[in-house]
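# Results of the structural survey
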Amino acid sequence: MAELVIPIARPQMGDEEKERVWEAMASGSLAQGPRVRQFEEEFAAYVGTAHAVATSSGTTALHLALLGHGIGDGDEVVTVPFTFIASANSIVYTGARPVFVDVDERDFTMDVGRVEAAITPRTRALMPVSLYGQPADMPAIAEIAERHGLALIEDACQAHGAAIDGRRSGTWGAGTFSFYPTKNMTTGEGGMLTTDDAALADTARLLREHGMKVRYHHDLVGYNFRMTDLAAAIGLAQLPKLDGYNARRREIAARYDEELRGVVTPAVRPGVTHVYHQYTIRVRRRDEFAERLREREVGSGIYYPIPVHRQRPFVAMGLGEGSFPVSDRLAEQVLSIPVHPSLTDAEVDRIVEAVNATADELGALEPQATGR
Ligand SMILES: Cc1ncc(COP(=O)(O)O)c(C=O)c1O
């Protein structure tokens, strides 16, 4: 049955996924097993790192990346407030303190020019976020991390297959990915840590399994952050399709770039392969804009309406101090419209018409409201 409203995400499950999951179920290997190992190998080869460690979610991949670097009480990790809360939460879990730097108005990722001012003697790591499918400026941030002797963890949970000059997200320092259903590829729930650092990968594997290498011999207090073989079976079927999915996302995004009027369309830095986890526009009277799109049977999403520094627990913990005007402004203006690969050309036509008609009714953002 055709959906009335075009949804913001539509996960694709084909015969390959069904066959692989069925085969995993029939094998009796349901928890972490050979499919997880194979998925790790194939994902590492795809991204271009020596190691990949599969986890139960993107959040647990971030948590392991931090713990694997020995980050904990009294440490600081520099990240951005304009992200999904998991980036900052993972830092809090370790006992470390997230220190926020604002994002760049143009590409919504960590403002490189503000990073050094946020570094203190307690800083242990930089955690940029590759938001909406565009990598943060990883070469510049890696250079700062190197100069200050800091670990680098790219939150690439929205950037599977994204690249800068052909080098993929997840290859600078440690990378973390999420396979939540709305992501560019999914395993239901799941995550992955990528790295060239064998010691980090080893520690992450140990922490993922209650600190256990030899059965029931525990070297440290770890966690159960394992991926199941059922999830890995889905991932093994999805991974070969990722480039095709991303190509379709980019094709739809190119149409929006070309055809949308009266809204601010996303800026892509030179050399970047943006994989459009979201296609995010900036609009005037955003909530009303979303409502009118819905009346026109086009779904949309707001990622994110409240920046992390304004979220209740962060304010209560005193972790939200500082002024982040770009994140605050974006939180009021951003609206993501459907860009998933299963959209038909006719649906893309409908989305373009709906956005343009709504922008005509509500008017364009004043130039001063875009900070440009
Ligand atoms: C930027 C970002 N970081 C972290 C996560 C956490 O991933 P998960 O939902 O798989 O725990 C997500 C995904 O939701 C995300 O978008």
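Just so you know, these numbers come straight off a predicted model, no measurement behind them. (Residues numbered from 1 in each chain as written. Predicted model: local features only at pLDDT ≥ 70, side-chain atom pairs only at ≥ 80, totals over all residues. Heavy atoms only, no water.)

Regarding its fold elements, the protein chain presents 13 helices and 12 strands. When the backbone C-alpha atoms are referred to their principal axes, the protein chain occupies close to 65 × 55 × 40 Å. Buried residues in the protein chain amount to 56% of all 372 residues. If you take every contact in the protein chain between residues at least 6 apart in sequence, the share linking residues at least 24 apart comes to 72%. When the accessible surface of the protein chain is summed, it comes to about 15400 Å², and 52% of that surface belongs to carbon and sulfur atoms. The average position of the 38 basic charges and that of the 51 acidic charges among the side chains of the protein chain differ by 2 Å. (Helix = DSSP H or I, 4+ residues; strand = E, 2+ residues; numbered from the N terminus. Buried < 20%, exposed > 50% of the residue type's maximum accessible area, 1.4 Å probe, protein only. Contact = heavy atoms within 4.5 Å. Areas by Shrake-Rupley, 256 points an atom, 1.4 Å probe, with all protein chains shown as cover. Lys, Arg positive; Asp, Glu negative; His and termini not counted. Charge placed at Lys NZ, Arg CZ, Asp CG, Glu CD.)

With that out of the way, let us pick up the site of the ligand. For the ligand, the set of nearby residues contains 16 residues, the closest of which are Thr-59, Asp-155, Gln-158, Ser-178 and Lys-183. Thr-59 has a polar side-chain atom sitting 2.5 Å from an oxygen atom of the ligand. A distance of 2.8 Å separates a nitrogen atom of the ligand from a polar atom in the side chain of Asp-155. Bound to the protein, the ligand loses 93% of the 380 Å² it would expose on its own. For the shell around the ligand, the elements supplying multiple residues, two or more each, are α3 (58-68) and α4 (85-93). Broken down by element, the shell around the ligand gets its largest block of residues, 3 residues, from α3. (Near = heavy atom within 4 Å. Polar contact = N/O pair within 3.5 Å; in protein donor to acceptor, adjacent residues only side chain to side chain.)

Another point: the environment of Gly-48. Following the sequence through the fold, Gly-48 ends up in the loop between α2 (34-47) and β1 (51-55). Residue Gly-48 is classed as partly exposed on the basis of its relative accessible area of 47%. Put simply, Gly-48 and Gly-170 are 122 residues apart on the chain and 8.1 Å apart in space, counted from C-alpha to C-alpha.

This paragraph deals with helix α12 (residues 325-333). Residues spaced three or four apart along an α-helix face the same direction, because each turn holds 3.6 residues. Those residues of α12 that sit buried are Val-326, Ser-327, Asp-328, Leu-330, Ala-331 and Gln-333. The secondary structure elements touched by the buried residues of α12 are β11 (279-282), α10 (286-295) and β12 (334-337).

Here the focus is the sheet that holds strand β7 (residues 167-168). The strand order across the open sheet built from 3 strands is β7-β6-β10, with neighbouring strands paired in antiparallel fashion. The outermost strands of the open sheet, each flanked by one partner alone, are β7 and β10 (272-273). Pairing analysis gives 2 bridges linking strand β6 (residues 163-164) to β7, with the strands arranged antiparallel. The residue bridging Ile-164 from the neighbouring strand is Arg-167, located in β7. (Pairing = 2+ DSSP bridges.)

This part covers the pairing of strand β5 (residues 151-155). Counting buried residues in β5 gives 5 out of 5 residues, a clear majority hidden from the surface. In β5, alternate side chains face the same way, and those of Ala-151, Ile-153 and Asp-155 on one face and Leu-152 and Glu-154 on the other are all buried. Bridge count for strand β4 (residues 123-126) against β5 is 2 bridges, and the pairing is parallel. Paired with Ala-125 across the strands is Ala-151, a residue of β5. A crossover links β4 with its parallel partner β5, the connecting element being helix α6 (residues 138-148), and its sense is right-handed. Sheet topology note: the β5/strand β8 (residues 174-178) ladder contains 3 bridges and is parallel. Across the sheet, Glu-154 pairs through a bridge with Gly-175, a residue of β8. (Right-handed = clockwise from strand over helix to strand, strands pointing away.)

This part takes up the pattern of salt bridges. Enumeration over the complete set of coordinates arrives at 31 salt bridges. Arg-168 is the partner of Asp-243 in a salt bridge, and the nearest nitrogen-oxygen pair spans 3.7 Å. Separated by 75 residues along the polypeptide, Asp-243 in helix α9 (residues 242-259) and Arg-168 in strand β7 bring together distant segments of the chain. Under the relative-accessibility criterion, Arg-168 is labelled partly exposed at 23%. For Arg-261, the salt bridge is made with Asp-360, and the minimal N-O distance between the two is 3.7 Å. Taken together, the residues Arg-261 in the loop between α9 and β10 and Asp-360 in helix α13 (residues 345-362) connect sequence positions 99 residues apart. Taking the relative accessible area as the measure of exposure, Arg-261 reaches 47% and is therefore partly exposed. On the basis of relative accessible area, Asp-360 is assigned to the exposed category, the value being 55%. One network of salt bridges, with partners in common, ties together Arg-285, Glu-288, Arg-292, Arg-296 and Glu-361. (Salt bridge = Lys/Arg side-chain N within 4 Å of Asp/Glu carboxyl O.)

The subject of this paragraph is the side chain of Thr-55. Inspection of the secondary structure puts Thr-55 in strand β1. In terms of polar contacts, Thr-55 uses its side chain to reach the backbone carbonyl oxygen of Ser-57, at 2.8 Å. When sequence neighbours within four positions are dropped, the list of residues in contact with Thr-55 reads Thr-60, Ala-61, Leu-64, Gly-190, Gly-191, Met-192, Phe-225, Arg-226 and Met-227.

Treat this as a map of the structure, not an account of what it does.
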